[in-house]
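Per-entry structural report
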Amino acid sequence: MRSFPIATQKRNNLRLLAVLLAGQFMANVDTAVVNVATPSIRADLHASGAELEFVVSGYVLTYAMLLVTGARLGDTRGYRRLFLTGLSVFTLASLACGLAPSGPVLIVVRVVQGSGAALMVPQVLSGIQLNFSGADRARAVGLYAIALSGGAIAGQILGGVLIAANLFGSGWRPIFLINVPIGVVLLVAAIRYLPADRGGRAKPLDFPGVVTLAATLLLAIVPLAVGRDLGWPGWTWICLAMSLPALAVFVVIERRVARQGGYPLINLPVLARPAVSWGLLALGIATATYFALLFTLALYLQQGLGKSPLYSGLALLSWVAAFGIAGPLLPRLHLSSRAALRVAPIGYLLLTTAYVGVSLSLFTGHFGGALFFVLLGLGGLGLGTGFAPLVAHITSSVPSGYAPDMSGLITTTSQVSAVIGIATFGTAYLNMATRTDPQSATHAFALITAGFALAALLAMAASYVSTQHRAPVVTLNHTYSQADKRPAAVRRAD
């Protein structure tokens, strides 16, 4: 007789997870979809090169800057409310993007779209942490990893297909307009299936922390995002240098807020845990290689080998398929706790092996055929095998009351790492592939993938250190009850 409510709860959790992951998937699609559409946007709107850069980077910059703030707002105002708000803003902004009459208008609404994504996306991992535990959480994190990786690839493929179709002569506009019906359906589903937020008094937002963190990320990300295209003028290096003292000011503010009994934007004791700090480092390095691969592989295939944008997107299907296998498969293996801790380093070792294999195959003249796609598949398997267990390890290393902190840190780490990876490896590739002949492009891409291999090896080492620390979840200078594992100060505020 008790199986019926259990089965009902499982169905509700699956629906809840589907809603959350669909929101994550949409946001990641729109991170990548515009890259394919820039030539069409330039021709239709007569946009300048600078306007095109900000159409692409405006979304990413706003998204990355506001993720931690979105996570904290989810904690202070309720993750369901913030998911619905962010999804609504994202959907309306997508409609405005699809109808934009000029480049400047498109830039403005892309910034609004990025802010909507920043409000919505942190609630995804927070919702998983708050509503799933044990093996169910591990499976949910595996599917979350698929939404992250698959969204970026789907954006490239979808952009190529929709622009090639040129529906009703609309050119690039369907890449944004398609979000509108999907967003409306998802909004209805979210209202129905996301559980109500916990009641209580809303906690104050750390505005000084918001301002200083936004300034820090702005100073670091803007030059990385546009410096390559502008030839790295002096102001980009000044901004990068200024980001370090801005970060120091942010740390001072957060410590002061914590000492005064407030609610800091980021709980620094969480970040100071070796399991968390080393785990975030590993995730950041591996993520940087992945997004740099998306960027450089597209350049290599399209400019170096003369392939189409659609071919460029489809080339990574083996990567995404293998990545998708790793996430759901690992929880079904029912590994012991000791064996489970070895999974992430093994995954990043596979990723290193794949990059080494690609580099060697290119150096030996095998730059096409089945071997190339098999190696890409091995890379996707390695990234998925490393990512999902490591995220599960990091989130389980702190109490559930810190779900917003972990969600903001993980998502921000991913976005900032993506920008750093593209700026670093992308600049290196463009500097080496100065000629457009296949031989020059292949040599440059072979060197870049060798660099990916070194970075993946560092990610393996960092993940190993992270998984050696299994701190109990009842510390962090807070007292917890069995019934409510949030900090006592948080419970009193509620």
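To keep things clear, this report deals only with the structure shown in the data block. (Residues numbered from 1 in each chain as written. Predicted model: local features only at pLDDT ≥ 70, side-chain atom pairs only at ≥ 80, totals over all residues. Heavy atoms only, no water.)

With respect to the packing of aromatic side chains
Threshold: Geometry of aromatic contacts follows a simple scheme: Phe, Tyr and Trp rings, the Trp one being its six-membered ring, pair when their centres are within 6.5 Å, and the pair is stacked under 30 degrees between planes, edge-to-face over 60, tilted otherwise. Per the convention used, a helix needs a DSSP run of H or I reaching at least four residues, while a strand needs a run of E reaching at least two, with both numbered from the N terminus. Accessibility here uses a 1.4 Å probe with only protein chains present; expressed as a share of the type maximum, an area under 20% marks a residue as buried, one over 50% as exposed, and anything in between as partly exposed.
One pass over the full model with this rule turns up 11 aromatic pairs. Residues F372 and F373 carry aromatic rings whose centres are separated by 5.7 Å and whose planes lie at 80° to one another, so their mutual orientation is edge-to-face. Centre to centre, the rings of F425 and F452 are 4.7 Å apart; their planes meet at 70°, and the pair counts as edge-to-face. Here F452 lies in helix α18 (residues 438-467) and F425 lies in helix α17 (residues 403-432), a separation of 27 residues in the sequence. Across the pair, exposure class does not vary: F425 and F452 are buried alike. Taken together, the aromatic side chains of Y290, F291, W319, Y355, F425 and F452 make up a single cluster linked through ring pairs.

So, the side chain of T449
In plain terms, the rule: By the convention used here, residues are in contact when the closest approach between their heavy atoms is within 4.5 Å.
Topologically, T449 is positioned in helix α18. Not counting chain neighbours up to four residues away, the residues in contact with T449 comprise Y355, V358, S359 and L362.

Things to note about a nonpolar patch on the surface
Worth spelling out the cut-off: Only residues whose relative accessible area exceeds 30% and that form no salt bridge are eligible for patches; like-charged ones are grouped when within 9 Å, while nonpolar side chains (Val, Leu, Ile, Met, Phe, Trp, Tyr) are grouped when within 5 Å. Note on areas: Shrake-Rupley with a 1.4 Å probe; residue coverage comes only from the protein chains shown. Between Lys or Arg on one side and Asp or Glu on the other, a salt bridge is scored when a side-chain nitrogen of the former is within 4 Å of a carboxyl oxygen of the latter.
Together, F363, M432 and L447 make up an exposed nonpolar region whose accessible area comes to about 240 Å². Structurally, L447 can be placed in helix α18. With a relative accessible area of 34%, L447 lands in the partly exposed category.

Quick notes on the packing of helix α12 (residues 274-304) against α18
For any two helices packed against each other, the geometry comes down to the angle between their axes and how far apart the axes lie. Our working definition: As a rule, the C-alpha atoms of each element are fitted with a line to give its axis, helices using only the stretch in contact, and angles between N-to-C directions run from 0 to 180 degrees. Roughly parallel here means an angle under 35 degrees, roughly antiparallel means over 145, roughly perpendicular means 65 to 115, and every remaining angle is called oblique. The sense of a crossing depends on the near helix, which, turned anticlockwise from the far helix by less than a right angle, makes the crossing left-handed and, turned clockwise, makes it right-handed. Any residue that is not Ala, Val, Leu, Ile, Met, Phe, Trp, Tyr, Cys, Pro, Asp, Glu, Lys or Arg is counted as polar, Gly included; the first ten are nonpolar and the last four charged.
Direction vectors running N to C along α12 and α18 enclose 170°, while the axes themselves pass 8 Å from each other. In terms of axis orientation, α12 runs roughly antiparallel to α18. Considering the relative orientation of α12 and α18, their crossing is left-handed. When the residues that make up the contact of α12 with α18 are grouped by side-chain class, the tally is 22 nonpolar, 7 polar and no charged.

A few points about the environment of F291
By the element assignment, F291 lies in helix α12. Classification of F291 as buried rests on a relative accessible area of 15%. Remark: the alpha-carbon pair of F291 and F425, spanning 134 residues in sequence, is separated by 9.7 Å.

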